[in-house]
Amino acid sequence: MSSNNDPVTIPMIERNPSDLPGMDTSDPSTLTGEVVLSFHNISYGETVQSGFPFRKKTEVIRRLSNINGIMRPGLNAIMGPEDGSRSWLLDVLAARKDPRGLSGDILINGKPRPANFKCTSSYVPQNDVVMQTVTVRDNIMFSAALRLPITVTKDERRRRIKEVLELLHLDKVANVKPRSKELRKRTSIAMELVAQHPILFLDDPTTGLDLRTTTDVISVLRRMSMRGRTIIFSINQAQYSIFRFFDSLTLVASGKVMYHGPAQEALEYFTSAGYEYDPHNNPADFFLDIINGGFSAILDTEEEGHNADIYTELSERRHQVTEKLANMYVQSSLYRETRTELDPLLGEQRAGRSSALEEITCVTPFWNQLRWNISHLLKNCLGFPKITTIQAVIIAILSVIVGTIFHVLRNDCNEVQIRANLLFFLTFFQTITSVTAGELFEIDRDRFLHEHTSGYYRVSPYFLGKLLAELVPRRLLPSTIFTVIVFIIVGVKTDVKGFFAMFFTIMMLAYSASSLPLFIGAGEKAAAISTVLVVIYFILMLVTKFSPRLLC
């Protein structure tokens with residue numbers, strides 16, 4: 001890295017066109033070449049509501065306050081205590097937070113961040129959202145098919161997938177379903193790398209991983225950064241074997257910056273300020289210990305039996321230390337050099353706020369999105385063979401019981417009344433079993449939000465694919481088993497035409513009954529409450545409609 005005394009320059013080294021096929025350099029909404037991200041006077045306020053319904057109070061909580069910095073190609077780490085500041089900063093830079101709470105400017109190569117920045121950059125969330133019912137290769141193929149332009153050939157797509165699999169050491173487990181935390185994390189990163197965007201954000205990529213896997217992940221990111229990619233990630237704790245690879249380090253706490261600059265100069269910065277460093281200590285742990293108020297020092301000096309006093313003093317010291325470190329950084333020469341570097345970048349862009357309206361753009365047409373959604377979701381539906389078998393057996397047993405009951409009751413009631421009771425029970429069965437349709441979108445909400453926001457697909461192809469690939473098979477199998485077995489045992493006298501007419505009616509009833517919980521589940525997070533409301537509605541509807549006809 002260049003020293004801070006060098007002239008202010010923004011590197012704009014273009015990649016080989018073969019490295020990013022299909023990327024149009026004439027399109028201002030497409031990121032090409034090496035990317036330098038700068039942020040100027042960034043503040044963010046989160047609007048939260050509290051209190052009882054109809055009497056809720058709105059409050060704005062300040063999450064970030066007057067943050068400045070620059071991220072170049074390389075490994076840019078954001079560290080801090082467990083107060084959420086590092087994830088807030090990462091998500092704001094990655095345009096993953098509501099822009100209405102943002103003030104300040106975020107620039108890409110000295111220009112305002114494009115409106116579709118979320119779709120032209122890569123983002124790996126902390127909670128892995130990969131589909132666990134399909135293989136690692138299938139997940140990466142799904143990402144490549146939707147995030148690479150349609151002009152990219154199949155051979156080129158396969159080459160990229162193979163390259164990513166080898167890079168992340170996934171080639172030997174490519175046909176394995178990502179059940180473990182470690183495999184899901186690698187797959188999640190691979191799905192972003194295959195798009196070959198020049199900037200990659202990762203939210204705590206090492207969370208839940210052992211030391212060996214963590215080292216492998218950071219090594220991969222290091223190799224990607226050496227190819228000219230800008231890697232920005234938040235991290236909780238970093239061993240020295242990992243910390244030594246960091247190019248840039250940003251320490252944040254309570255929404256304020258404690259340090260921002262070259263990672264290898266951070267130790268000198270704090271020691272020159274009077275903080276004593278133990279040579280046997282890990283620099284990353286040393287920085288966090290300072291920000292936390294010297295918790296280890298308190299433990300060394302306090303006597304036993306004063307835990308309450310220890311944590312009270314720790315809380316007070318954290319607040320004091322945070323304010324002290326933030327003021328120390330603002331008054332440091334490092335901050336002045338950073339501002340000297342940032343101010344020319346802002347230039348005439350002060351009017352171009354980063355909080356402009358954001359948009360979702362996709363690089364593939366509707367039909368391609370629909371085809372891959374149907375294929376991907378159908379594999380997910382077929383990914384539970386044991387559960388499907390158990391469900392079919394339970395439905396078959398229930399069908400035999402119901403059919404036997406109505407067959408025995410034939411001598412007690414006339415034929416018309418039996419058919420009425422049978423139709424009522426079939427209606428009751430279809431409506432009650434359709435209640436679970438509300439979970440169809442709820443269980444995949446996080447994955448959908450991530451993929452849609454990242455520009456995998458629009459809402460309409462995902463919605464249609466979900467209905468055709470999951471709702472239809474899930475409702476078709478139990479309804480078919482139940483209807484056929486009950487009608488055979490009961491012995492309803494009808495011809496083939498009449499049977500299929502009745503079967504079609506039952507299927508339409510099942511899908512119609514699924515529409516209400518599906519409608520509520522698609523837009524309501526409180527799935528349990530919506531399920532209760534749907535059950536009550538169905539029961540009241542059935543009782544009021546059929547109760548006069550149930551008696552012989």
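Preceding this section is the structure that the text describes.
Source: prediction; values computed, not measured. Per chain, residue numbering runs from 1 following the sequence as it is written. Local features are withheld for residues below a pLDDT of 70 in this predicted model, meaning they are given only at 70 or higher, and side-chain atom pairs are given and counted only at 80 or more; totals for whole chains, interfaces and linings count all residues. Hydrogens and waters are ignored; side-chain quantities use all the structure's heavy atoms.

1. Quick notes on the overall build of the protein
What the protein contains, in helices and strands, is 20 helices and 10 strands. Partly exposed describes any residue whose relative accessible area lies between the buried limit of under 20% and the exposed limit of over 50%, with all areas from a 1.4 Å probe on protein chains only and scaled to the type maximum. A burial count over the protein gives 48% of its 552 residues as buried. In the protein, once contacts between residues fewer than 6 apart in sequence are set aside, the share between residues at least 24 apart is 77%. For the protein, the exposed area adds up to about 27400 Å²; of that, 58% sits on carbon and sulfur atoms. Numbering goes from the N terminus for both helices and strands, where a helix is a DSSP run of H or I of at least four residues and a strand is a run of E of at least two. By definition, residues are in contact when any of their heavy atoms lie within 4.5 Å. Areas reported as accessible are Shrake-Rupley estimates using a 1.4 Å probe. Residue values count occlusion only from the protein chains shown.

2. Description of the sheet that holds strand β4 (residues 102-108)
With respect to topology, 4 strands assemble into an open sheet ordered β2-β1-β4-β5, the strand pairing being antiparallel. Two strands lie at the open edges of the sheet, namely β2 (57-71) and β5 (111-112), each paired on one side alone. Relative to β5, β4 runs antiparallel, the two sharing 2 bridges. The residue of β5 that forms the bridge with L107 is P112. Lines fitted to the C-alpha atoms define the axes, with helices restricted to the stretch that makes contact. Angles between their N-to-C directions range from 0 to 180 degrees. Lying over the sheet, helix α1 (residues 85-93) contacts β1 (37-50), β2 and β4, oriented at roughly 75 degrees with respect to β2. In this fold helix α12 (residues 333-346) packs onto β1, β2 and β4, with an angle of close to 95 degrees to the strand it touches most, β2. By this definition, two strands are paired if DSSP reports at least two bridges between them.

3. As for the packing of aromatic side chains
Geometry of aromatic contacts follows a simple scheme: Phe, Tyr and Trp rings, the Trp one being its six-membered ring, pair when their centres are within 6.5 Å, and the pair is stacked under 30 degrees between planes, edge-to-face over 60, tilted otherwise. According to the stated counting rule, one finds 19 aromatic pairs in the structure shown. With a centroid separation of 6.3 Å and an interplanar angle of 20 degrees, the aromatic rings of F448 and Y457 are classed as stacked. F448 gets classed as buried once you look at its relative accessible area, which sits at 16%. The buried category is assigned to Y457, whose relative accessible area is 0%.

4. Some details on the environment of G293
Mapped onto the elements, G293 comes out in the loop between α9 (283-291) and α10 (295-301). Under the relative-accessibility criterion, G293 is labelled buried at 4%. In this structure the C-alpha to C-alpha distance between G293 and Q320, which are 27 residues apart in sequence, comes to 8.0 Å.

5. Side note on the sheet that holds strand β7 (residues 199-203)
Sheets are built from strands that pair by backbone hydrogen bonding, the pairs being arranged parallel or antiparallel. Spatially, 6 strands are ordered β6-β7-β8-β3-β9-β10 in an open sheet, and the strand pairing comes out mixed. The sheet is open, and its two borders are formed by β6 (122-124) and β10 (256-262), each paired with just one other strand. Each strand axis lies, on average, 15 degrees off the axis of its neighbour in the sheet, ignoring direction. Here strand β9 (residues 248-253) runs beside β10; their pairing, made up of 6 bridges, is antiparallel. Following the sheet pairing, T250 is matched in β10 by H260. Lying on the sheet, helix α6 (residues 211-226) is in contact with β3 (74-79), β7 and β8 (230-235); it crosses β3 at an angle near 130 degrees. In this fold α9 packs onto β3, β9 and β10, with an angle of close to 25 degrees to the strand it touches most, β9.

6. Regarding the pairing of β8
Most of β8 sits out of view: 6 of its 6 residues are buried. Pairing of β3 with β8, which is carried by 6 bridges, proceeds in the parallel orientation. Paired with N76 across the strands is I232, a residue of β8. Across 5 bridges, β7 lies against β8 in parallel orientation. Along β8, the bridge assignment pairs D203 with S234. After leaving β7, the chain enters α6 and then returns to the sheet as β8, a path that is right-handed. Handedness rule for crossovers: strands pointing away from the viewer, path from the first strand over the helix to the second running clockwise, crossover right-handed.

7. Concerning the packing of helix α13 (residues 366-381) against helix α18 (residues 459-490)
One can describe the packing of α13 onto α18 by two numbers: an axis separation of 8 Å at closest approach and a directional angle of 30 degrees. Relative to α18, the element α13 is oriented roughly parallel. Considering the relative orientation of α13 and α18, their crossing is right-handed. Listed contacts from α18 to F366, Q369, L370, N373, I374, L377, L378, N380 and C381 of α13 are S460, P461, Y462, L464, G465, K466, L468, A469, E470, P473 and R474. Gly falls in the polar group here, along with every residue not listed as nonpolar (Ala, Val, Leu, Ile, Met, Phe, Trp, Tyr, Cys, Pro) or charged (Asp, Glu, Lys, Arg). Considered class by class, the residues forming the contact of α13 with α18 number 12 nonpolar, 5 polar and 3 charged. Small angles under 35 degrees read as roughly parallel and large ones over 145 as roughly antiparallel, with 65 to 115 read as roughly perpendicular and the rest as oblique. The crossing is said to be left-handed when, going from far helix to near helix, the turn is anticlockwise and less than a right angle, and right-handed when the turn is clockwise.

8. With respect to helix α17 (residues 445-453)
α17 sits mainly inside the fold: 7 of its 9 residues count as buried. Among the residues of α17, those classed as buried are R445, R447, F448, H450, E451, H452 and T453. G455 lies just past α17 and shows a positive phi near 90 degrees.

9. A few points about unusual backbone geometry
A positive phi angle, near 50 degrees, is found at N66, a position not held by glycine. Within the fold, N66 resides in strand β2. Unlike most non-glycine residues, N109 shows phi in positive territory, near 55 degrees. Of note, N109 is situated in the loop between β4 and β5.

10. Describing the pattern of salt bridges
Salt bridge, as used here: a side-chain nitrogen of Lys or Arg that lies within 4 Å of a carboxyl oxygen of Asp or Glu. All told, the structure shown has 23 salt bridges when counted by the stated rule. Here K185 and D128 are joined by a salt bridge, their closest N and O atoms 3.3 Å apart. Pair noted here: K185 is in helix α5 (residues 181-193) and D128 is in the loop between β6 and α3 (136-147), with a separation of 57 residues, a long-range link. By relative accessible area, K185 is classed as buried at 0%. The salt bridge involving D247 is made with R222; its shortest N-O contact spans 3.1 Å. In this pair, D247 sits in the loop between α7 (240-243) and β9 while R222 sits in helix α6, placing the two residues 25 residues apart along the sequence. A cluster of three or more residues bridged by salt bridges with shared partners is formed by D444, R447, E451, K466 and E470.

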